[in-house]
Amino acid sequence: MTPQLAARVFDALIGVVAAFQLALALGAPWGQFAMGGAFPGAYPPALRLAAVAQVVVLALLAMVISSRAGLALPALRGASRPLSWGIVALLGLSLLLNLITPSGLERLMWAPVALSLFLTALRVAASR
């Protein structure tokens, strides 16, 4: 897989995760699929704000990975190399947390996505 294709797959998956977080922020009753299932149903107001913040963070991750792959934001290209390795580390932690979550539904739904995000980010970060 080329770094550009990996970045496109990464961006598409980030879009799915961001849409899910936005839905949680808007009151979708999907709490059992996030945060270890600790908040089944709709999120309380504070977690809805956290979900909005996560959408912003996810967009930033996509911008860095897209820049590193040469798809967008050429001005960020120099900083994208070390930042992309930070993203790989963050996604490795996310994968671990998705594998050990007490919520079987969350694990089933998000562990494959977390693995795919980790691998595609790794491919882009390791590119020359």
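Residues numbered from 1 in each chain as written. Predicted model: local features only at pLDDT ≥ 70, side-chain atom pairs only at ≥ 80, totals over all residues. Heavy atoms only, no water.

Trainee: Help me out: how do you make sense of the overall build of the protein in this one?
Mentor: Scanning the protein from terminus to terminus reveals four helices and zero strands. Written out in order from the N terminus, the α and β elements of the protein read α-α-α-α. By the compact-globule yardstick of 14 Å for 128 residues, the protein fits well, its C-alpha radius of gyration being 15 Å. C-alpha atoms of the protein, sized along the principal axes, occupy 45 × 25 × 20 Å. Here the protein holds 128 residues, and 38% of them are scored as buried. A total of about 6700 Å² of accessible surface is found on the protein, and carbon and sulfur atoms cover 75% of it. (Helix = DSSP H or I, 4+ residues; strand = E, 2+ residues; numbered from the N terminus. Rg over C-alpha atoms; globule rule 2.2 N^0.38 Å. Buried < 20%, exposed > 50% of the residue type's maximum accessible area, 1.4 Å probe, protein only. Areas by Shrake-Rupley, 256 points an atom, 1.4 Å probe, with all protein chains shown as cover.)

Trainee: Honestly, the packing of aromatic side chains in this entry has me stumped. Any pointers?
Mentor: Any pair of aromatic rings gets described here by the distance separating the centres and the angle formed by the planes. Using the criterion set out here, one finds three aromatic pairs in the structure. Plain terms: the ring middles of Phe39 and Tyr43 are 6.4 Å apart, the flat faces sit at 80° to each other, and that makes the pair edge-to-face. Owing to a relative accessible area of 34%, Phe39 belongs among the partly exposed residues under this scheme. (Phe/Tyr/Trp six-rings, centres within 6.5 Å; stacked < 30°, edge-to-face > 60°.)

Trainee: Can you help me understand the side chain of Ser66 in this one?
Mentor: Within the fold, Ser66 resides in helix 2 (residues 45-68). On the basis of relative accessibility, which here comes to 8%, the residue Ser66 falls in the buried class. Excluding residues within four positions of it along the chain, Ser66 makes contact with Asp11, Leu71 and Ala72. (Contact = heavy atoms within 4.5 Å.)

Trainee: Sorry if this is basic, but what is going on with a nonpolar patch on the surface here?
Mentor: A surface patch of nonpolar side chains, about 480 Å² in accessible area, is lined by Leu93, Leu96, Leu97, Leu99 and Ile100. Here Leu93 lies in helix 3 (residues 77-100). (Patch = residues over 30% accessible without salt bridge, like charges linked within 9 Å, V, L, I, M, F, W, Y side chains within 5 Å. Salt bridge = Lys/Arg side-chain N within 4 Å of Asp/Glu carboxyl O.)

Trainee: Any chance you could explain helix 4 (residues 104-125) here in plain terms?
Mentor: Since the α-helix advances by 3.6 residues per turn, residues separated by three or four positions end up pointing in the same direction. Here helix 4 spans 31 Å end to end across 22 residues, near enough to the 32 Å set by a 1.5 Å rise per residue. Along helix 4, the helix axis deviates most sharply at Trp110, where the bend reaches about 40°; the proline Pro112 sits within four residues downstream. Along helix 4, the positions that sit buried rather than exposed are Glu106, Trp110, Ala111, Val113, Ala114, Leu117, Thr120, Ala121, Val124 and Ala125. On the buried face of helix 4, the contacting elements are helix 1 (3-25), helix 2 and helix 3. (Expected span 1.5 Å × (residues − 1). Bend = angle between axes of the 7 residues up to and from the residue.)

Trainee: I would appreciate a short explanation of the environment of Ser116 in the present structure.
Mentor: Tracing the sequence through the fold places Ser116 in helix 4. Each C-alpha atom of the pair Ser116 and Ser80 lies 20 Å from the other, and the pair is 36 residues apart in sequence.

Trainee: Sorry, what's going on with the packing of helix 3 against helix 4 here?
Mentor: Two packed helices can be described by the angle between their axes and the distance between those axes. Two elements in contact, helix 3 and helix 4, have axes separated by 8 Å at closest approach and are oriented at 160°. Put simply, helix 3 runs roughly antiparallel to helix 4. Judged by the sense of rotation from one axis to the other, the crossing of helix 3 with helix 4 is left-handed. In this structure, helix 3 uses Arg81, Ser84, Trp85, Ile87, Val88, Leu91, Gly92, Ser94, Leu95, Asn98, Leu99 and Ile100 to contact helix 4, whose residues at the interface are Glu106, Arg107, Trp110, Ala111, Ala114, Leu115, Leu117, Phe118, Ala121, Leu122 and Ala125. Broken down by class, the residue content of the contact of helix 3 with helix 4 amounts to 16 nonpolar, four polar and three charged. (Axes fitted to C-alpha atoms, helices over the stretch in contact; angles between N-to-C directions. Parallel < 35°, antiparallel > 145°, perpendicular 65-115°, else oblique. Left-handed = near helix turned anticlockwise from the far one by under 90°. Nonpolar A, V, L, I, M, F, W, Y, C, P; charged D, E, K, R; others polar.)

Trainee: Help me understand the layout of surface pockets, please; the structure alone is not making it clear to me.
Mentor: Rolled over the atoms, a probe with the dimensions of a water molecule shows which regions are left empty. Its boundaries defined by the atoms lining it, the largest pocket holds a volume of some 690 Å³. What lines the largest pocket is a set of 27 residues, and nearest its centre among them are Val17, Gln21, Gln54, Ser94 and Asn98. Counting residues per element, the lining of the largest pocket draws most heavily on helix 2, which supplies seven residues. In terms of residue class, the lining of the largest pocket is built from 21 nonpolar, five polar and one charged. (1 Å grid on protein atoms, 1.4 Å probe; cavity = no way out; pocket = protein on both sides within 12 Å on 5 of 7 lines; lining within 4 Å. Points joined across faces, edges and corners; volume = space filled by probe spheres on them.)

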